[in-house]
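Coordinates in review
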Amino acid sequence: MTSHDPLSNDDGFWGLLLGKKYDKIPESERTLENLVSDFYVGRTKRIDSRFESVDDLLAELKDQSQDPAQQLLLTIWAEEKWAQKSSGGNGFQVETNFEDELRRLEDEGLFVEELIDGFTLVWPSKEVRVTTREDDRVRSRLFERAHPLFVRKNGGGEIEVRGAKSRIKKFSKTFTDSDGVDRIERSQTTQHVIDGLASIFNDEIEALTLTEVEFQRTYLPDGSSLSLSNPTGVRNDLNSEAVFQELVDLQSLSELSHLGFNHNKTGKKVELKVEREETGFYFEIQDRYLPESEKEAIRLLIEDKLGISFDSIYPYDVQLRDSYIFHQILTGAVETYNRYFEDLPEEEQSLLNEFIDVAEIDTYECYRCHEVYEEEKPDECDECEGDSFRDDIRREVSVDDEAIHEAAFESLKEIRDTLSDNGINFLDVSIDGYETKHNDYIRATFQEVASAGKEANTHRYEYINYCLGNGRLPRRINQYLLNSVLVVYGKAYLNGREHFGTIDLHDLLMTDSPEDLLTSAIRDSKSQFRNRIIGRADEAFERLQDLHQRGAAGEFDDLSQEEREELKEDYDYNEFERDVFYLLKFMFLFTERWGREGETETDGCLVIPEDDGYFIASYDPKLTYTKKGYDLDAGEKNKAAWYMVTENLGGALSVSLSDDENLDAHLFVSNNFREGQFPYVASRVQEWFEQSEDVEKEEIPVAFLPLESLLSLYDTFDRHYDPIIEYPSVKAAFRRAFIEKIRRGEDGYSVVDTDACDAVEERVLQALKGTTRSRTLKDHTE
């Protein structure tokens, strides 16, 4: 055989073996010697172990005809590709003649090439449209694009397949159509695997260094995933105080998604992935970078050290989460329903049957192309014109959220009168339904009484509780920062919900003491509530500060109406109202946001505890993009007066007022006031009070809080956050100073300007002098 024989002239064959490298070889240099020399690069050990040298390989090829020579080269190429693919997980048992099964694959349209040493290439293909240039024209034509699967007989009728998951899945459906072929599935086990995985925190694995770890959920505020990566090892960081217990712990191993190791001998990367299915989870090893000779040893080592099996599926019910199956079914997971429902206790089956609807749909799958049809069997496949179909039934599980809400409401509404929780009594407890345009809630109202010795403190609470499953949390709960407890099920239970008190629906429906679950959830909600506020307040401060700085720089001067409308599209009245609320809520925890668009009602309620009760004021944010400032015209004056009179006569704010109390003030907040209007607004309010027969005739101020002052107050509170939260005397000083600036006005109104804000901070600093914070503590570092 000469160097110019057909073997070297087959462009398509050498393009497959060498890829882009072949395109770089000039046509005049594409001799068999040169092509084999390039093929030898990167396969030196493999070829030398078989032929001792590249010259021996070349001699062998010259001694053979074209087809056997190509088969030999393809086998070497396939062996190298095989070693580069991850092992395990794709095995098949063939009871019939393997060659007959391969011919069946060819009849189904798959291209099959049998090689040497038990190797077979199977080429699933897919039509793709390719745009090409043809002389002086451009045309789009269909081509069959093929990618290989590498199949190898292991003896005893077992074969293993390596390649892309999607192509193996397609191959598997066709290959197992035969009665003589079965996929080797992972077996279900009742083994508890978490204890073995715990070794990643404290035990090094011989021959492997842990360099990567990933948890899909942590104890971060929003449960964000955590990934650690370090080529020298992550074990020290994983066990550090900042991570272990704070972000993850042994319980978090049920959320493990990925481990990465460095194989110390070869320096190659080995990955362990946790794959989750509806019936359980299993482990996959990604060892494509390891030499084939090392793969089996590393698999066995990992199985031994971590106490796992790559051939097993671990059901969720024998791991850490007792309610997982119940809630997994409530996500609509069909496989979980099929696998576990009949094994559940009758009581839980009965509960689930109230909340789910299981539909069975007849399906017909074309044997030839696997196109699936529903409900009616076609005479002929639209895709391939085949007329043979596999009959099956597909299930769909739908979840009735309304039924879940009703069940939760029925369980909670029986709670009445008095509850107790760690020395705190909940009096006058009332549970009722609360509906809005888009959502149904469960409202709980009560008086909280905390007492110690002869001292007692009482505050009224309203909790707007919501059943959260597979949908999104209503925006109202977060935008209005409502006191809320979430009854969680389905995805909400599985994913968790930080910064909220939660009740597990499963526990609620199974318990005889729903009041214990409610009080515990309320306690958690209160302890986490400030964390819900902090992030939102910080973001609101940045937006409001930007608004103020742009206004102070004259950016809003001399704008056309069209330009003002464009600004409103970027940041409108509702967003301004929301951000003002977030800042007030951060400083004064009992603040509530009420106003509804188009309604004549106050935008919010500012409630500040005092020594002998509460300072209660309605407030109204006003955004403007004009140089002159917001126009508090007659309508705004009337609205302010209307708020103050109606709230004193029994409006929404009256729930916080004693029978003989008036509203303390109405507060305007704006990024730009028309200061000349202040006296007229105040006088109009007083006129309304003079005309009302049922309201005590005492001066109730209107207060004006410029945005600059609100930002200054927030900055003071934020900078002194720790002492204000920790020391009651400092917190009281901040509150009293702010209230005084509202009350101590002239002519029926007050302006809380930046000087007033400086005075508030001065009072805070004075109060700090009386705390132990100013004392020098002994240094214990030595």
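Thresholds, definitions, all that
- Residues numbered from 1 in each chain as written.
- Predicted model: local features only at pLDDT ≥ 70, side-chain atom pairs only at ≥ 80, totals over all residues.
- Heavy atoms only, no water.
- Pairing = 2+ DSSP bridges.
- Helix = DSSP H or I, 4+ residues; strand = E, 2+ residues; numbered from the N terminus.
- Axes fitted to C-alpha atoms, helices over the stretch in contact; angles between N-to-C directions.
- Expected span 1.5 Å × (residues − 1).
- Contact = heavy atoms within 4.5 Å.
- Polar contact = N/O pair within 3.5 Å; in protein donor to acceptor, adjacent residues only side chain to side chain.
- Core = buried A, V, L, I, M, F, W, Y, C linked by side-chain atoms within 4.5 Å.
- Buried < 20%, exposed > 50% of the residue type's maximum accessible area, 1.4 Å probe, protein only.
- Patch = residues over 30% accessible without salt bridge, like charges linked within 9 Å, V, L, I, M, F, W, Y side chains within 5 Å.
- Areas by Shrake-Rupley, 256 points an atom, 1.4 Å probe, with all protein chains shown as cover.
- Salt bridge = Lys/Arg side-chain N within 4 Å of Asp/Glu carboxyl O.
- Lys, Arg positive; Asp, Glu negative; His and termini not counted.
- Charge placed at Lys NZ, Arg CZ, Asp CG, Glu CD.

**Focus on the sheet that holds strand β8 (residues 181-184)**
In spatial order, the strands read β2-β3-β6-β7-β1-β8; together these 6 strands make up an open sheet with antiparallel pairing. The outermost strands of the open sheet, each flanked by one partner alone, are β2 (111-114) and β8. On average, each strand axis in the sheet is inclined to that of its neighbour by 25 degrees, with strand direction left out of account. Inspection of the sheet shows strand β3 (residues 119-123) paired to strand β6 (residues 149-155) by 4 bridges, in the antiparallel sense. In the strand pairing of β6, L121 is matched with F150.

**Structural notes on helix α28 (residues 754-768)**
In an α-helix, one full turn covers 3.6 residues, which means residues spaced three or four apart are oriented alike. Over its 15 residues, α28 extends 21 Å from the first C-alpha to the last, a length consistent with the 21 Å expected when each residue adds 1.5 Å. In this fold, the buried residues of α28 make contact with α25 (707-719), α26 (721-726) and α27 (728-743). If you check the start of α28, you find a side-chain oxygen 3.3 Å away from the backbone N of D755, and it comes from D753.

**Considering the nonpolar core**
In terms of nonpolar packing, the biggest core is built from 55 residues, with M587, L606, L710 and F734 touching the most fellow members. Here this core gets 8 residues from one element, more than from any other, and that element is helix α22 (residues 573-587).

**Some words on the sheet that holds strand β25 (residues 592-593)**
Reading across the sheet, the 6 strands line up as β25-β26-β27-β28-β29-β30 and stay open at both edges, with mixed pairing between neighbours. Edge positions in the sheet fall to β25 and β30 (749-751), since each has one partner strand and no second. One ladder, built from 3 bridges, connects strand β29 (residues 702-706) with β30; its direction is parallel. Paired with F704 across the two strands is V751, which belongs to β30. Against the sheet, α22 contacts β25, β26 (604-610), β27 (613-622) and β28 (665-670), and its axis sits at roughly 155 degrees relative to β27.

**Some thoughts on the side chain of N90**
Considering the arrangement of structural elements, one finds N90 in the loop between α7 (66-84) and β1 (91-94). Residue classification places N90 among the buried residues on the basis of a relative accessible area of 17%. Here R183 takes part through its side chain, which lies 2.5 Å from a polar atom of the side chain of N90. Those residues within four positions of N90 in sequence are excluded, and the remaining contacts are I159, E160, V161, I168 and R183.

**Things to note about a negative patch on the surface**
Taken together, the side chains of D357, D400, D401, E402, E406, E435 and D440 present a region of like negative charge at the surface. If one sorts the elements of the negative patch by residue count, helix α16 (residues 401-412) sits on top with 3 residues. Along the polypeptide, D440 turns up in strand β21 (residues 440-452).

**Considerations on α16**
Between its terminal C-alpha atoms α16 stretches 17 Å, which fits the 16 Å expected from 12 residues at 1.5 Å a residue. The set of residues buried in α16 consists of A403, I404, H405, A407, A408, F409, S411 and L412. With a side-chain oxygen lying 3.2 Å from the backbone nitrogen of E402, the N-terminal cap of α16 falls on D400.

**With respect to the pattern of salt bridges**
Evaluation of the coordinates by the stated rule reveals 37 salt bridges. Residue R719 pairs with E761 through a salt bridge whose shortest N-O separation is 2.9 Å. Remark: E761 occurs in helix α28 and R719 occurs in helix α25; sequence separation between them is 42 residues. Taking the relative accessible area as the measure of exposure, R719 reaches 45% and is therefore partly exposed. Here the residues in one salt-bridge network are K173, D177, E365 and R390, joined through shared partners.

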